[in-house]
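Breakdown of the fold
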Amino acid sequence: MAETIVAKRQLGNGRWDRVLKRRMVELSVADNYDDAKEEWIATGEVWWGQDDNVPDWVENSQMGIGKCLCGHSVVYHFEIVNTENGVVECVGSDHINTYLIMRAIAEDTQLPVDAITDEQIQEWINVRVKSMKAKAWWKENGPSFEMMFNAVKEMDLHYNTRIVDTIWSAELERNEPVRKLIKRGSGNFGSEFYRMASIVWRWNHPDNPKAQINTTGYPNDNLMKDLALFYVKSQQLQKEFVEYQTERENRKDEIIERKRLARLAREERERLAAEAERERVRIYNLPENVEKRRLEQERLAQQREQQRLINERRRQERLERERIALEEKKARANRVLLEQSKEFEYGCANYGIPVFDASFASNEWETDFLVDIKERMVKKKTLSPRQRRTLVDIMKRNMPTEKQLQYLKDLGYEGVVKTKKEASEKISELKGDE
Ligand SMILES: [Zn+2]
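Predicted, not measured: the structure shown is a model, and the values here were computed from it. (Residues numbered from 1 in each chain as written. Predicted model: local features only at pLDDT ≥ 70, side-chain atom pairs only at ≥ 80, totals over all residues.)

1. Quick look at the pairing of strand 5 (residues 174-181)
Across the eight residues that make up strand 5, only a small minority, zero, are buried. Inspection of the sheet shows strand 4 (residues 161-169) paired to strand 5 by eight bridges, in the antiparallel sense. Residue pairing in the sheet places Ser 169 in a bridge with Arg 174 of strand 5. Taken together, strand 4 and the strand that follows it, strand 5, pair antiparallel across an intervening segment of four residues, in which Glu 173 is found at a positive phi of about 50°. (Buried ≥ 20, exposed ≤ 12 C-beta atoms within 10 Å, placed from the backbone. Helix = DSSP H or I, 4+ residues; strand = E, 2+ residues; numbered from the N terminus. Pairing = 2+ DSSP bridges.)

Next comes the structure, spelled out in structure tokens:
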């Protein structure tokens, strides 16, 4: 059925040719075929004679549906028109001769008629009969092709492949082979080592730019042969393939179910946690608990206050002890420094310093120092050179100033003052400040 139409170079003297020539001349302005043929051109309209939408130019042709102008039965109809008088007719593929076509191509391409090649003519025919051929093919083979193709397409995608890699499948939770469709078969058809190319790939795979569904519109012979072979083989593979698919589907379902249960469990945990939190907040905010916390806060505040008072009392006690200790120390210092002692007076004379008392010290350290020195002197201990130097320094620093002495004199004081401190006290006393 998928016949190849080859245009005749020119009409001969066969029976049908002669009839056609005669009828073309009858329908032309010219009265002989050589001139008449110049008047006709193929329009490019074609019709496959087996569907219901009959075009007018077929319907209204002299010979009607299924006939060439020559009267011969045809499958493919080509429209031709006489450009001199507008007569429209129809010829079959047996009579769509080159001259009609060359004129059509010449008009399309603006090339001179004798420059047009056989390839261009064939291409013109191929383009126009392509869908007709496909239709014709489908009419004859469509149902069996569809049946076999639909029966094997899934198996084709599985079996007519080669494994090129493995990859982790999330939905199956395991490593799965990566299958690539075989695009070019190997081995001899039907032999033990025959590996056919994928049927789906060749027929209608979306990634295949040359898929036959888009090029010729119907499967070629090799594809049909492979389909028939694989269809037979698929009967034996059916059980195995179903098991393969079932295992995968079951596993997917199990995984989905497991995830669903895990999700439910998680949601339940979250729900319980939220509920527990709400309950905790509710209890926290119960009036009695609010009151309990308030009392506890109060108790803690009281405790802190008590502690603060205790600390403050201790601090005061410590300060008081320190004050008493300091006073005791001062009293002792004064007592020591006031005490009359022959040994002391003798020591002072010996070291060439005044007989000192507490008024000689200008600070606590000096007081302690003087007490210590006096005790040594009383016990007749020798002073170190360093102690002696310090002693002399203190004496000098605490001598009454010239100014003080003059002031005392001015105030009419005639006594003796040993130190700055004594002078200052005396001045105050005389001025009546106390
Ligand atoms: Zn004919």
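Now, onward.
2. Digging into the confidence of the model for the protein
Summary statistics for the protein give a mean pLDDT of 90 and a share of 97% for residues scoring 70 or more. Per-element confidence in the protein is highest for helix 6 (residues 199-204), whose mean pLDDT is 97, and lowest for helix 4 (residues 98-109), whose mean pLDDT is 83. (pLDDT = per-residue confidence, 0-100.)

3. Details of the packing of helix 13 (residues 402-410) against helix 14 (residues 420-430)
Interhelical geometry of helix 13 versus helix 14 gives an angle of 30° and a closest axis separation of 10 Å. Between helix 13 and helix 14, the interaxial angle falls into the category roughly parallel. Taken as a pair, helix 13 and helix 14 cross one another with a handedness that is left-handed. Across the interface between the two elements, Gln 404, Tyr 407 and Leu 408 of helix 13 pack against Lys 420, Ala 423, Ser 424, Lys 426 and Ile 427 of helix 14. (Axes fitted to C-alpha atoms, helices over the stretch in contact; angles between N-to-C directions. Parallel < 35°, antiparallel > 145°, perpendicular 65-115°, else oblique. Left-handed = near helix turned anticlockwise from the far one by under 90°. Contact = placed C-beta atoms within 7 Å.)

4. Structural notes on the domain arrangement of the protein
Interfaces are often described in size by the accessible area the parts lose on coming together. Partitioning the protein into structural domains gives domain 1 (15-116), domain 2 (141-285), domain 3 (316-398) and domain 4 (399-434). Computed over C-alpha atoms, the centres of domain 3 and domain 4 are 23 Å apart. In this assembly, six residues from domain 3 lie in contact with six residues from domain 4. (Domains from an automatic or database assignment.)

5. As for unusual backbone geometry
Residues other than glycine seldom take positive phi values, yet Gln 110 does so here, at roughly 65°. Within the chain, Glu 173 stands out as a residue other than glycine whose phi angle is a positive 50°. As for its placement among the helices and strands, Glu 173 is situated in the loop between strand 4 and strand 5.

6. Examining the environment of Leu 227
Checked against the element boundaries, Leu 227 lands in helix 8 (residues 221-284). Taking the C-alpha atoms as reference points, Leu 227 and Phe 145, 82 residues apart in sequence, are found 8.1 Å from one another. When sequence neighbours within four positions are dropped, the list of residues in contact with Leu 227 reads Met 148, Phe 149 and Ile 199.

7. Here's the deal with the packing of helix 10 (residues 342-351) against helix 11 (residues 364-378)
Contact geometry of helix 10 with helix 11 gives a least axis separation of 8 Å together with a crossing angle of 105°. Classified by the angle their axes make, helix 10 and helix 11 are roughly perpendicular. Every residue of helix 11 that contacts helix 10 at Glu 343, Phe 344 and Gly 347 is listed here: Lys 374, Met 377 and Val 378. For the contact of helix 10 with helix 11, the class distribution of residues is three nonpolar, one polar and two charged. (Nonpolar A, V, L, I, M, F, W, Y, C, P; charged D, E, K, R; others polar.)

8. Remarks on the nonpolar core
Grouped together as the largest cluster of nonpolar side chains are 29 residues, with contacts concentrated most on Phe 78, Val 91, Leu 100 and Ile 101. Taken together, the elements giving at least two residues each to this core come down to helix 1 (15-26), strand 1 (40-48), strand 2 (76-82), strand 3 (88-92), helix 4 and helix 5 (118-159). No other element matches the six residues that helix 5 contributes to this core. When residues no more than four places from it in sequence are discounted, the contact partners of Phe 78 are Ala 42, Val 46, Cys 90, Val 91 and Ile 96. (Core = buried A, V, L, I, M, F, W, Y, C linked by C-beta atoms within 7 Å.)

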